[in-house]
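Results of the structural survey
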Amino acid sequence: MLVTHHILDKEGTLMPYRWPVDTEVTRIALAVEEQWCRTCGGALTICDHRHPRVFTLTGPLHLVCKLAHCPTRACPAHPQTLSPAAETAIAMPWWVLGWDVVCWLGQRRFARHWSVGQIRAELADTYQIRLSADAIETYIHRYQQMLAARRQAPGQLAAAYADVEAVMLAIDGLQPEKGHETLYVVRELERKRVWFAEPLLSSATTEVQQLLVQARVWVERLGKGVRLWMSDKQDAFVRGIAAEFPGVPHRYCANHFLRDVAKPVLEADSHAKVKMRRTVRGLRAIEREVLAAQHATDAPQFPAVQAEESRCPQAQAEEGARDVVLDYCAAVRGILNDDQGGPLHPPGLRMAEALGEVQASLQRNLAAKKGGLLTTDSRGWPDTSTGG
Ligand SMILES: [Zn+2]
């Protein structure tokens, strides 16, 4: 026997879920919790049954839901059919996955960063739950909706803000991808919570205003004061916040402020980098020369082990010097190619410091040589310009 059940996909259309023929299910009978009609007080009677099948982490369930209604035709509640509340404690209507599986999916996806493929394989291997990648994505989406709904639930919110005197709110528009509508996000900074987000087609004052009205409704429901608002101070925010939250200070967001300051800093920094790179050059020529010299001395003395013993101290010292030159070249190249760092750690500044250290190191070596500590012949050391 093949029993079909239904999965609602993202567009809300029905898709049959085909249960494997050999599925062993546990039967659970659920009845409506109330016995009496809330409207007329008469006894409720069972009028129908529903037979959803649900995957849980402990095995598939066959729920036998006894639906009830008030049999009194004259009662206004007569047309209503009541379902057992216990059913939704196991799974939402039309869902093929129980709450435990949905929570498991969400935790693996968002806390453990598993891919859909990984989740799919683990569900099949460990729990014998076979689902398509599409179905898993649908349920991950539902998990997010449930999580968002819970975060926004007034009771949850009131508990989170119980010991907060006044809230600090921020609004910003995020553009997830070019060409998509901007997602406007209202956050609260005292508890660091996203309150709500809404995609808006335009940043027109009237559209933004609706979000600010919603924020005011939330604040009023919480019964808290607003210490301040923060934003990038675009016109719609400035006007809207002044209208909905008269007298509340509206500060420029430190992050936006920093970004604006950073622009000229990074520009100057990048200009300095170009100048330094133009000055410190000729690395490849030096390396080529050194490698050519190395090759010339290595070639006739094969194999290397014998060469090592037979080589005179002078030749060994020269080879050591060549290695040092190559190491310096590698270090300088690394410094010139280092592009990491933002406005707080400008890469050009770091480059200048590092080049300064290389220069000081070269100077120390030259000074030591003048003092007679270094016996190496300097013919293999072409001058490198470090630009001062
Ligand atoms: Zn009734």
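Treat the numbers as computed from the prediction; the structure is a model and nothing was measured. (Residues numbered from 1 in each chain as written. Predicted model: local features only at pLDDT ≥ 70, side-chain atom pairs only at ≥ 80, totals over all residues. Heavy atoms only, no water.)

What follows concerns the sheet that holds strand β8 (residues 182–188). The strand order β9-β8-β7-β10-β11 describes an open sheet built from five strands, whose pairing is mixed. A single partner strand is all that each edge strand has here, and the edge strands are β9 (193–200) and β11 (250–252). When strand polarity is set aside, the average angle formed by the axes of neighbouring strands in this sheet is 25°. By the bridge criterion, seven bridges tie β8 to β9 in an arrangement that is antiparallel. Along β9, the bridge assignment pairs Val-186 with Phe-196. (Pairing = 2+ DSSP bridges. Helix = DSSP H or I, 4+ residues; strand = E, 2+ residues; numbered from the N terminus. Axes fitted to C-alpha atoms, helices over the stretch in contact; angles between N-to-C directions.)

To continue, consider the nonpolar core. The biggest cluster of nonpolar side chains holds 27 residues, and the ones touching the most others in it are Leu-97, Leu-105, Leu-123, Leu-131 and Ile-136. The set of elements that each furnish at least two residues to this core consists of β6 (61–69), α2 (99–111), α3 (116–127) and α4 (133–152). With five residues, α4 is the largest single contributor of residues to this core. (Core = buried A, V, L, I, M, F, W, Y, C linked by side-chain atoms within 4.5 Å. Buried < 20%, exposed > 50% of the residue type's maximum accessible area, 1.4 Å probe, protein only.)

Once that is clear, we can look at the coordination of the zinc ion. The protein atoms donating to the zinc ion are Cys-37 (SG), Cys-40 (SG), Cys-70 (SG) and Cys-75 (SG), with metal-donor distances spanning 2.3 to 2.4 Å. Viewed at the metal, the four donor atoms of the zinc ion are separated by angles of 103 to 116°, and the geometry they form is tetrahedral. Each donor residue of the zinc ion belongs to the same chain, and together they define the spacing C-x2-C-x29-C-x4-C. Of this pair, Cys-37 sits in the loop between β3 (26–31) and β4 (45–50) while Cys-70 sits in the loop between β6 and α1 (85–90), and the two are 33 residues apart along the sequence. (Donors = N, O, S within 2.8 Å, 3.2 Å for Na, K, Ca; no water. Tetrahedral: all angles 85-135°; square planar, octahedral: opposite > 155°, others 65-115°.)

Mean pLDDT for the protein: 84, with 87% of residues reaching 70 or above. In this model, residues 1–14 is a region of pLDDT below 50 whose contacts with residues beyond four sequence positions or in other chains number 44 contacts. Taken together, the stretch residues 373–388 has pLDDT below 50 and engages in 28 contacts with residues farther than four places along the chain or on a different chain. (pLDDT = per-residue confidence, 0-100. Contact = heavy atoms within 4.5 Å.)

Turning our eyes to something else, we now look at unusual backbone geometry. Phi angles above zero are rare outside glycine, and His-113 is one such case at about 60°. Here His-113 lies in the loop between α2 and α3. The phi angle at Gln-128 is positive, at roughly 55°, despite the residue not being glycine. Note on placement: Gln-128 falls in the loop between α3 and α4. You can call Gln-128 partly exposed: its relative accessible area is 49%.

Once that is clear, we can look at the packing of aromatic side chains. Tallying each qualifying case throughout the model produces 11 aromatic pairs. Where Trp-104 meets Trp-114, the ring centres are 6.0 Å apart and the plane angle is 90°; that geometry is what we call edge-to-face. With Trp-104 in helix α2 and Trp-114 in the loop between α2 and α3, this residue pair connects regions lying 10 residues apart in the sequence. Consider the rings of Tyr-252 and Phe-257, whose centres lie 6.1 Å apart with planes at 85°: the pair is edge-to-face. Taken together, the aromatic side chains of Tyr-161, Trp-195, Phe-196 and Trp-218 make up a single cluster linked through ring pairs. Across from the ring centre of Trp-114, 5.5 Å away, lies the NZ or CZ of Arg-108, which sits over that ring. For Arg-142, the ring lying beneath its charged end belongs to Tyr-139, and the centroid distance is 4.6 Å. (Phe/Tyr/Trp six-rings, centres within 6.5 Å; stacked < 30°, edge-to-face > 60°. Lys NZ or Arg CZ within 6 Å of the ring centre and 35° of its normal.)

A word on the pattern of salt bridges. Counted according to the given criterion, the structure contains nine salt bridges. One salt bridge in this structure joins Asp-163 and Arg-191, with 2.8 Å as the shortest N-O distance. Here Asp-163, found in the loop between α5 (154–160) and β7 (166–174), pairs with Arg-191, found in the loop between β8 and β9; they are 28 residues apart in sequence, far enough to count as distant. The exposed category is assigned to Asp-163, whose relative accessible area is 63%. For Arg-191, a relative accessible area of 32% gives the class partly exposed. For the salt bridge of Arg-333 with Glu-287, the shortest nitrogen-to-oxygen distance reads 3.0 Å. Placement of the pair is Arg-333 in helix α11 (residues 313–337) and Glu-287 in helix α9 (residues 283–298), with a sequence separation of 46 residues. For Arg-333, a relative accessible area of 25% gives the class partly exposed. The exposure class assigned to Glu-287 is buried, which follows from its relative accessible area of 15%. (Salt bridge = Lys/Arg side-chain N within 4 Å of Asp/Glu carboxyl O.)

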